Amino acid sequence: MEKLSEWWKKLTWTFAPSSKVEATKAVTKNFILHWFPARVTYRSMSWSYSWWLGTVSFSLFLILTITGIILMFLYIPSVERAYWTIKDLQHAVSFGWFLRNMHRWAAHLMVFFVTLHMVRVFFTGAFKNGGNPDANRPVNWAVGMFLLVFTLLLSYTGYLLPWDQLALWAITIGANIAKSVPVMGSYLHFLLAGGTRIDQNTLIRFYALHVIVLPALLLVLVSYHMWRVRKDGGLAVSEQYKMQAKKEGKRLVPDDYTTFAIPALIRRAFLVFLISLGAVMLLSIISNAPLEEPADPSWTPNPAKAPWYFLWLQELLAITTIRTPWFTINGGFVGGVVIPGILFLWGLIVPFIDKSPNEATGVWFHPSRRLQNWTFGIIMLILAFLTIFAMYFRGPSWNIYWPWAWPPIPHLF
Amino acid sequence: MTRRKFLAYLGRFAVLFAMVGQALAMLRSIVPNVVYEPPKKFKIGYPDDFSEGITFLSKHRLFVIREGNTFWTISAVCTHLGCTVNLVTFPKPKKVKVGKKEFTEQWEFHCPCHGSKFYGEGTPFAGPAPRPLPYYPLDIAPDGQLIVDTSREVKSDFRFVLNV
Ligand code: HEM
Ligand code: FES
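About the cut-offs
Residues numbered from 1 in each chain as written. Chains lettered and ligands numbered in written order. Predicted model: local features only at pLDDT ≥ 70, side-chain atom pairs only at ≥ 80, totals over all residues. Heavy atoms only, no water. Donors = N, O, S within 2.8 Å, 3.2 Å for Na, K, Ca; no water. Tetrahedral: all angles 85-135°; square planar, octahedral: opposite > 155°, others 65-115°. Helix = DSSP H or I, 4+ residues; strand = E, 2+ residues; numbered from the N terminus. Buried < 20%, exposed > 50% of the residue type's maximum accessible area, 1.4 Å probe, protein only. Pairing = 2+ DSSP bridges. Axes fitted to C-alpha atoms, helices over the stretch in contact; angles between N-to-C directions. Near = heavy atom within 4 Å. Polar contact = N/O pair within 3.5 Å; in protein donor to acceptor, adjacent residues only side chain to side chain. Nonpolar A, V, L, I, M, F, W, Y, C, P; charged D, E, K, R; others polar. Contact = heavy atoms within 4.5 Å. Buried area = accessible area lost by both parts, 1.4 Å probe. Salt bridge = Lys/Arg side-chain N within 4 Å of Asp/Glu carboxyl O. Patch = residues over 30% accessible without salt bridge, like charges linked within 9 Å, V, L, I, M, F, W, Y side chains within 5 Å. Areas by Shrake-Rupley, 256 points an atom, 1.4 Å probe, with all protein chains shown as cover. Expected span 1.5 Å × (residues − 1). Parallel < 35°, antiparallel > 145°, perpendicular 65-115°, else oblique. Left-handed = near helix turned anticlockwise from the far one by under 90°. Disulfide = S-S within 2.5 Å. Phe/Tyr/Trp six-rings, centres within 6.5 Å; stacked < 30°, edge-to-face > 60°.

Enquirer: I would appreciate a short explanation of the coordination of the iron atom of ligand 1 in the present structure.
Expert: Around a metal, the idealised angle for a tetrahedral arrangement of four donor atoms is 109.5 degrees; for an octahedral arrangement of six donor atoms it is 90 or 180 degrees. All names here are of chain A. Only His117 (NE2) and His225 (NE2) from the protein coordinate the iron atom of ligand 1, and they sit 2.0 to 2.1 Å from it. Taken together, the six donor atoms surrounding the iron atom of ligand 1 define angles of 83 to 179° at the centre, an arrangement classified as octahedral. Residue His117 is found in helix H6 (residues 96-123), and its partner His225 is found in helix H10 (residues 200-231); the two are separated by 108 residues along the sequence. Looking at His117, the relative accessible area reads 19%, which means it is buried.

This is the structure in structure tokens:
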């Protein structure tokens, strides 16, 4: 027993340090905990400042990785068999339904929480350095923009894998958005689809992207992202301590505003993980992941709706075709490439053009950032409005209806 | 630039060039040279298999229209982003005007994905579709079956008349 705890201590040091020296070593001597700083500012751990949304996102990513690896043992990426391996998960594999539900609901939640995390960061002005010469939070925000895109791409490639009607039509539309790009569109489509039609080649491509390429990229970026938070001296709100001290002409003593990451930070992070896991498990017990009919190119469900996080995009695709007497530009290109591209580029550079004063760093709705917050808020509201409109007011044939007045769906072939 | 520096740059460039070249070569392999897809020119059955009016060939996502001995085909693939359009038939023929031409139609095509709507002859009149539904050439094969070539489009006045 003595020997065992000795070994354990060597591998992990300790989660319950008895002195300051031990607490510091608990991080520095441990490989995994290298992500964490030895000391953490109190306000970095405040629930009402960050809501811990980044940690929630990472917890969901962990859940997705673990459930995803098990799913890889059970899923076959073949157009003939993929759908039936999913059916087996739901009806023949012990706890297969639970595994699949966990994976699907965690994916939805991850999109939701990564977005919320971004909104939190923007409204707290947390991409600002606040006069700290060692910090580089604007870069971390830009990294975050890529994380958001990878999260969306992971969800997209993931819901294609069951090869049901939702999958087939989502992949068809996605590949044709690529095709609508001027000049190189056909080539992009050919590359994505692995041929001129959506078939086995397409499925295996999206499978490879989903199970290794995108998760690997996301993991590398997320590791950098969280390491960056540490190198930036904790969350942006920590800069407030320094500004405060400067104003009062006091010297900051670490013990006044920081504590040891072990146990304070690690306990809270584990608690957030447990809550996230609990929420995913609960959702998975009370509700089944959707599965439509097997993929059938001869008919499209009516209406064919994307999952909620792509509905704004679907609505944009439907309303942005530009017609002039001389030429027509497909809404697939305008709404599917140009507008999202502009939003993404704006997102990348926004911390570099935000010239608000240092005091606005890490503060919710700082008055000096009214213009920035309104701009961002209105963009998010427009996206939310498009989403709700597409969700409740678009019926069969994408016609506009009141949600309670959907007509009987017209005869399908 | 000194000779030493030049050689150092040259060395770095060579390493970079070799690595980028390798990476590109590997990436090139995911662009298919050969695809195993069904032919774009295929038989769709004997003329008498088709009844008067419009028939949907679900396997080929194609509409075949017959008026007596005249046949033509319209694609069922929406020109917006590729969903299969729905055939909506009217109990009573409807008069519509396309450009300057006026004609009566008995059906329309409605797309379920983003609401594009096409007149019976393929011209879009609502929604995002940028182009009319394409027509494909129709011919008769030596064995007497109709044969469609979806690898090329024809004008919308294309008609195949069967000689009897
Ligand atoms: C896979 C997705 C992501 C994960 C796992 C993640 C993880 C984290 C974590 C754990 C933190 C620590 C603070 C907190 O929990 O709120 C953090 C902070 C931060 N994140 Fe993310 N993040 C993700 C996506 C994003 C996105 C989409 C953005 C913005 C575009 C972003 C920008 C930032 C910034 C600027 C900080 C520093 C905030 C501060 O100093 O207060 N992250 N992230
Ligand atoms: S695919 Fe037909 S309207 Fe978009």
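From this point on, the discussion continues.
Enquirer: Even after reading the chapter, I still don't get the sheet that holds strand E1 (residues 41-45) of chain B, so can you show me in this structure?
Expert: Either a parallel or an antiparallel arrangement is found when strands of a sheet pair, and the pairing is made through backbone hydrogen bonds. Residues and elements named next belong to chain B. The strand order across the open sheet formed by three strands is E1-E11-E10, and the pairing between neighbours is antiparallel. Sheet topology places E1 and strand E10 (138-140) at the edges, where each strand pairs with a single neighbour. Along the sheet, successive strands turn relative to each other by an average axial angle of 35°, direction set aside. Where E1 lies against strand E11 (residues 146-149), four bridges are found, and the strand directions are antiparallel. Bridged to Gly45 within E11 is Leu146.

Enquirer: I keep staring at the site of ligand 1 and nothing clicks. Help me out?
Expert: Residue and element names in this part refer to chain A. Taken together, 28 residues lie near ligand 1, and Tyr49, His117, Gly144, His225 and Ala236 sit nearest. In the model, an oxygen atom of ligand 1 is placed 2.7 Å from a nitrogen or oxygen of the Ala236 main chain. Of the residues belonging to the shell around ligand 1, the class tally is 18 nonpolar, eight polar and two charged.

Enquirer: Any chance you could explain the interface of chain B and chain A here in plain terms?
Expert: One widely used convention gives an interface's size as the accessible area the parts lose upon coming together. Each partner contributes to the interface: chain B provides 31 residues, whereas chain A provides 35 residues. The largest per-residue losses of area from chain B upon contact with chain A belong to Leu81(B), Pro112(B) and His114(B), which jointly make up 23% of the total buried on that side. Run the count over chain B and chain A and you get zero salt bridges. Here chain B and chain A share 14 residue pairs in polar contact (both at pLDDT 80 or more) between them. The residue inventory of the side of chain B that touches chain A, partitioned by class, reads 17 nonpolar, ten polar and four charged.

Enquirer: So what exactly am I meant to see when it comes to a nonpolar patch on the surface here?
Expert: Residue and element names in this part refer to chain A. A cluster of nonpolar side chains, contributed by Ile66, Ile69, Ile70, Met72, Phe73 and Leu74, occupies part of the molecular surface with about 590 Å² of accessible area. In this fold, Ile66 is placed in helix H4 (residues 53-74). Relative accessible area serves as the criterion here: at 52%, Ile66 is assigned to the exposed category.

Enquirer: What should I look at first to understand the pattern of salt bridges in this one?
Expert: Where charged atoms from two side chains of opposite charge approach closely, those side chains can pair. Residues and elements named next belong to chain A. By the definition in use, this model includes 15 salt bridges over all chains. When the shortest N-O distance is used, the salt bridge between Glu239 and Arg137 registers 2.9 Å. Taken together, the residues Glu239 in helix H11 (residues 239-248) and Arg137 in helix H7 (residues 137-160) connect sequence positions 102 residues apart. For the pair Glu239 and Arg137, one class covers both residues: buried. Among the salt bridges present, the one from Arg228 reaches Asp232, with a minimum N-O distance of 2.9 Å. Its relative accessible area of 1% is what places Asp232 among the buried residues. Taken together, the salt bridges that share partners define one network made up of Lys20, Arg39 and Asp255.

Enquirer: Before we go on, may I ask you to explain H7(A) in this structure?
Expert: Every α-helix carries 3.6 residues per turn, so stepping three or four residues along brings you back to the same face. For H7(A), built from 24 residues, the straight-helix expectation of 34 Å at 1.5 Å per residue is met to within 8% by its first-to-last C-alpha distance of 35 Å. Most of H7(A) sits inside the fold, with 20 of its 24 residues counted as buried.

Enquirer: I would appreciate a short explanation of the sheet that holds strand E7 (residues 117-118) of chain B in the present structure.
Expert: Residue and element names in this part refer to chain B. Spatially, E5-E6-E7-E8 is the arrangement adopted by the four strands of the open sheet, whose pairing is antiparallel. Of all strands in the sheet, those with a lone pairing partner are strand E5 (86-98) and strand E8 (124-126), marking the two edges. By the bridge criterion, nine bridges tie E5 to strand E6 (residues 101-110) in an arrangement that is antiparallel. From the neighbouring strand, Val98 faces E6, where its bridge partner is Lys101.

Enquirer: What am I meant to see in helix H8 (residues 165-179) of chain A here?
Expert: With 15 residues, H8(A) should cover 21 Å at 1.5 Å per step; its first-to-last C-alpha distance of 21 Å lies within 8% of that length. With respect to burial, H8(A) is a largely interior element, 14 of its 15 residues being buried.

Enquirer: Explain the packing of H4(A) against helix H13 (residues 261-286) of chain A here, please?
Expert: When two helices pack together, you describe them by how their axes are tilted relative to each other and by the distance separating the axes. Residue and element names in this part refer to chain A. Packing of H4 against H13 brings their axes to within 9 Å, and their N-to-C directions diverge by 55°. Between H4 and H13, the angle is such that the two are oblique. For the pair H4 and H13, the crossing hand works out as right-handed. Along its contact with H4, which presents Thr55, Val56, Ser59, Leu60, Leu62 and Ile63, the element H13 presents Ala269, Val272, Phe273, Ser276, Leu277 and Val280. Residues of the contact of H4 with H13, tallied by class, amount to nine nonpolar, three polar and no charged.

Enquirer: Teacher, can you tell me more about the state of the cysteines here?
Expert: Chemically, a disulfide is nothing more than a covalent bond linking the sulfur atoms of two cysteines. Residues and elements named next belong to chain B. One pass over the full model with this rule turns up one disulfide over all chains. Two residues, Cys83 and Cys113, share a disulfide whose sulfurs are 2.0 Å apart. Across the S-S bond linking Cys83 and Cys113, the dihedral sits near -85°, which makes this disulfide left-handed. Taken together, the positions of Cys83 in the loop between strand E4 (70-75) and E5 and Cys113 in the loop between E6 and E7 put the pair 30 residues apart, joining distant regions of the chain. Exposure class is identical for Cys83 and Cys113. Each is buried.

Enquirer: What should I look at first to understand the packing of aromatic side chains in this one?
Expert: Here a ring pair, both rings aromatic, is described through the centre-centre distance and the interplanar angle of the planes. All names here are of chain A. Counted by the stated rule, this structure contains 34 aromatic pairs over all chains. Judged by centre distance (6.3 Å) and plane angle (40°), the rings of Phe58 and Phe61 are tilted. With Phe58 and Phe61 both in helix H4 and three residues apart, the pair spans about one turn of that helix. By the burial criterion, Phe58 is buried, and Phe61 matches it. Aromatic side chains Tyr156 and Tyr159 sit 5.8 Å apart centroid to centroid with 90° between the ring planes, which places their arrangement in the edge-to-face category. Taken together, the residues Tyr156 and Tyr159, both in helix H7 and three residues apart, mark about one turn of the helix. An aromatic cluster is built from Trp51, Phe122, Phe123, Phe127, Trp141, Trp346, Trp364, Phe365 and Phe376, whose rings are joined through pairwise contacts.

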